[in-house]
Every structure is written in structure tokens, then in C-alpha cells.
Amino acid sequence: MNTNRTPNQTATALERTRQRLRLLEERDHPYARKVRDAGLSWRDLDSLEALSAFPFTTKQDLQEHYPLGWLGCDRADLVRFHATSGTTGNPTVVAYTASDLDAWSGYMAWCLHLAGVRREDTVQVAYGYGLFTGGLGLHGGAERLGASVVPASGGFSERQIKLMKDLDVTVLACTPSYALKLAETWEESGGGPTPLRVGIFGAEPWSEGLRRQIEDRLGITALDVYGLSEAMGPGVAMECPHQNGLHLHPDSFLAEVIDPVTGRPVAPGEMGELVLTSLHKEAFPVIRYRTRDLTRLLTAPCPCGTEGPRIERIQGRSDDMLILRGVNVFPSQVEAALLSVEGLSGNYQMEVWTHEGMQNLVVRCERMPEVPDAASDALARRASKRLQERLGIRIDFELLSPGKLPRFEGKAKRVVQAPAPAITR
């Protein structure tokens, strides 16, 4: 396991993982039973490299033990619940002890400081509050850092802009798709420079093209934050202002990258599926959790000088991959192609349907407001050509006028399933 950790960090991570495995074995936890079925014990973990022999934890494991079968502590020790949406079965209910919440706010404060946020900043949290971990996760970290927090939650975009202006907000935290919506709202309100200087954006994959568009329209440095409820929430990893990959909190998470088909570790620097082990979490421990997020481990040091492991920005999800005429296509590739065409906005949608066992796709994207109707046909031809160049296949493309596609306050729904068109005989 290539971790880029210092010797002390490696020793600490190994000891914490062994201790967690031992505690789970003592509780006869479901994961401990998987370890036992594999003929292993916590005693067999004599190095971080040995962890690759231990079984994975999957989303299916967590759903099968819904709601509280994955607890690693007593019910009486719990102080909070969060949950995922459960769009493919039971939601995943994650729980926290008081110690978990204290550690979580510490992770998030570390991430925000790494991003350049300081106690004199005012942070507007436009992630949703509630069962989703984004809002409260960013909120707790900003308060731990000593910054002022505006708990705006999602939606009410005009009010978001008014709060930004009236309170001189310097840091915006939300999904990148909602940042694009706020940029539109800002421009509609009169435009001009914003008080913002940093954006903390996550919860969905986003391309470099979307980053540049958000930066240009809001006048900020846009940084990626990574997390997932199963591991803790936001605060697992954070970009620094060098925008050179995401730094993982070195004492709190172990990261592996595996081949999503074989489950075997990939070579350092090779793209694969991210696997996470939480080193602290008491209430809902996960060992070798398959995130389905696609990335690579970065080995070169970051110019910021922060020691420890780093991952590339998430490129997509292994379960979001489309296979079109034998070619693997990810939404992130489509977004990158679209945003490399001047005149296209970051508002797009991919409609997918299956006919006779084959997937079909049409991509729809809005043009920027300043593009006149007369230039639409030429812009559509450029977009179609760029998609074919980037993806290696020809796909259907439809150019839309501004405002035709839905806007999102949380995670954007870029891929929609459609019924197969009726066949006339």
C-alpha cells in the first residue's frame, strides 16, 4: 500500500486499524465475521500492506444490516444519526458518538485551514442541513476553526445572494452545480465583484472546465472537498490552493485504489476505485469500504509541503459508467468535453435508454446567454465534434437555450434514464 505517510503516521495508522479490528472481533461485529470467514484475525495485520488480504465492506453489507446492525458501539453511546438517500434500496443510516462528532469537526477544520480559510472569514454553508452530512459537517468544521458561519442551507438563491452581500461572506460551501446556479443569480441581481474569495465544493464529481467557469463568474478560488457518510462525511480529503490533488487527513483515513473488476490493488498512479478505512470512527466503523469513486493515488509531493497521502479529484463512479458501442463513457468525460467549447454553459444533462440490450445516449446542454440564436447551429456542430473527439464515438447532441434544464440546490442529476422509444412496425 503506497501511502506517502511518514514512519510515525504509518505506525499510528497500523496500530489504530489493529485496535479497531480487535474491538470488532470482541463484539462479534458483522465485519469481524467476514474476517473470520476469510480465515483471518486482527493479529494477521502486521503491516498496512497486509490489509489488502482482508475482506471489503460494501454498500450491500450496510443495507443488509439496516438500520443499526453495523454499530461498533452500544446504542446508549450514540448522540446523532445521519442517512443517505437510499435510492437503490434501504438508506444507509450512519451513527455518531460524541467522540466521533468531536473528531469530525477536527477533520473538517483541518481541511478548511488547508484550503486557506481562517478565523476572520465568514463561511456561508449552502449545503443541505438534516440527514445529509454536508451542512452540519462543514458547519462544525468552520466553527471549530473559529470562523463565522452563515447556516444558509440549500435553496432560496436570491436570499443566499442577499446574505452574501450584506454579511460580506468570504467563503462559500455548496455543491459545484449549485455554485453555478448562484453565479447565475448573482449576475441577474446586477453582477459585479462578489465579496467571496474561496469556494469549498463537493458531493459530486466536477470537471476542471466547470471549476474555471465558477472561478471566472464568482471571482474565487474553487477547491474540491471530498467525503462520504459511510466514512464520516465531508472532511475526508481537501484540495489546497495549489489545486494539485486532495490531501487525506493522514491520521484518520487509509486509502487504497483497486481495480473495480478484480478487486486487486492497482499500481501507484493508476486509475481505479477508491477504498477507505476509517481509523477513528467508533459508532459506524468501516474497514476497506468500496466507495465506487474513481481516482488515483498521487505520489509526487505537493508544492504546499503537506505530508501524507493525496488522491486525484474524483473522476466519476464505477457504477455510473455507460458502455456505448463498446466504449466506456463517464459523465465527467462528457462535462469536460462540453466545457472546453466556448459558448456552452455548465448546465447539461445526459438522457440514457436501452434498446435491444444496447445503451443509447443523447446529451443536452444550454448555450451561454450572450450567444445569439443565429450562432446556435455553428455552436452545436462544434460541440458535437468535440464530444466525438473526446469520447471516440459519435453521440447525439442537442443545444438548448438558457434556462431550459433544471437547476439543482444539492447534488445535480446529470444522468436521467428514459424509456426506450416505441418501435413502429
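Please read all numbers here as calculations on a predicted model, not as lab measurements.

Comments concerning helix H8 (residues 208-218)
Reasoning step 1: When we look at burial in H8, the residues that qualify are Leu210, Arg211, Gln213, Ile214, Glu215, Arg217 and Leu218.
Reasoning step 2: The first or second residue beyond H8 is glycine 219, which carries a positive phi of 65 degrees.

Section: the environment of glutamate 120
Reasoning step 1: If you trace the backbone, glutamate 120 turns up in the loop between helix H4 (98-114) and strand S3 (122-125).
Reasoning step 2: Separated by 144 residues in the primary sequence, glutamate 120 and arginine 264 place their C-alpha atoms 46 Å from one another.

Let's talk about helix H7 (residues 176-188)
Reasoning step 1: Taking 1.5 Å of rise per residue, the 13 residues of H7 would be expected to cover 18 Å, and the 19 Å separating its terminal C-alpha atoms lies within 8% of that figure.
Reasoning step 2: Judged by how many residues are buried, H7 sits mostly within the fold: 10 of 13 residues are covered.
Reasoning step 3: Listing the buried residues of H7 in full gives Pro176, Ser177, Tyr178, Ala179, Leu180, Leu182, Ala183, Glu184, Thr185 and Trp186.
Reasoning step 4: Packed against the buried residues of H7 are helix H6 (157-166), strand S5 (171-174), strand S6 (198-201), H8 and strand S18 (344-355).
Reasoning step 5: Backbone geometry just after H7 places glycine 190 at a positive phi near 125 degrees.

Here we look at the sheet that holds strand S20 (residues 396-400)
Whether parallel or antiparallel, the strands of a sheet pair through hydrogen bonds between backbone atoms.
Reasoning step 1: With respect to topology, 4 strands assemble into an open sheet ordered S20-S19-S18-S21, the strand pairing being mixed. The open sheet has two free edges, formed respectively by S20 and strand S21 (415-417), since each of these has just one partner strand. Neighbour-to-neighbour, the strand axes of this sheet turn through a mean angle of 25 degrees, independent of strand direction.
Reasoning step 2: Pairing of S18 with S21, which is carried by 3 bridges, proceeds in the parallel orientation. Its bridge partner lying in S21, glutamate 351 is registered against valine 416.

Examining the layout of surface pockets
Reasoning step 1: Its boundaries defined by the atoms lining it, the second largest pocket holds a volume of some 230 Å³.
Reasoning step 2: Along the wall of the second largest pocket there are 16 residues; nearest its centre are Trp206, Ser207, Glu208, Arg313 and Gln315.
Reasoning step 3: Elements with a contribution of two residues or more to the lining of the second largest pocket: H8 and helix H9 (331-338).
Reasoning step 4: The element best represented in the lining of the second largest pocket is H9, accounting for 3 residues.

Quick look at the nonpolar core
One recurring pattern in soluble globular proteins: nonpolar side chains tend to sit buried together.
Reasoning step 1: The biggest cluster of nonpolar side chains holds 44 residues, and the ones touching the most others in it are Tyr31, Tyr226, Leu248 and Leu276.
Reasoning step 2: Beyond its immediate stretch of four places on either side in the chain, tyrosine 31 contacts Leu21, Leu24, Phe54, Pro55, Phe56, Thr57, Trp70 and Ile287.

Quick notes on the rules
- Every residue gets a number counted from 1 within its own chain, in the order that chain's sequence is written.
- Given that this is a predicted model, residues contribute local features only at a pLDDT of at least 70 and side-chain atom pairs are listed and counted only at 80 or more, while totals for whole chains, interfaces and linings are drawn from all residues.
- Based on all heavy atoms of the structure, the side-chain values leave hydrogens and waters out of the count.
- Categorising residues by exposure relies on relative accessible area from a 1.4 Å probe, with only protein chains included: less than 20% of the type maximum marks a residue as buried, more than 50% marks it as exposed, and the intermediate range marks it as partly exposed.
- Helix and strand assignments come from DSSP, with helices taken as H or I runs of at least 4 residues and strands as E runs of at least 2, each series counted from the N terminus.
- Here the expected span of a helix is defined as 1.5 Å times the quantity of residues minus one.
- Residue contacts are defined here by distance: any two heavy atoms, one from each residue, within 4.5 Å place the two residues in contact.
- By definition, two strands form a pair when at least two bridges between them are found by DSSP.
- Between the N-to-C directions of two axes lies an angle of 0 to 180 degrees, each axis being a line fitted to C-alpha atoms and, for a helix, fitted only over the stretch in contact.
- In this analysis the probe radius is 1.4 Å and the grid spacing 1 Å, with only protein atoms considered; a cavity is a set of points the probe fits into but cannot get out of, a pocket is an open set with protein on both sides within 12 Å along at least five of seven lines, and lining residues have an atom within 4 Å of a point.
- Grid points are joined across faces, edges and corners, and a volume is the space filled by probe spheres set on the points.
- Residues enter a nonpolar core if they are buried and are Ala, Val, Leu, Ile, Met, Phe, Trp, Tyr or Cys, with the set joined through side-chain atoms within 4.5 Å.

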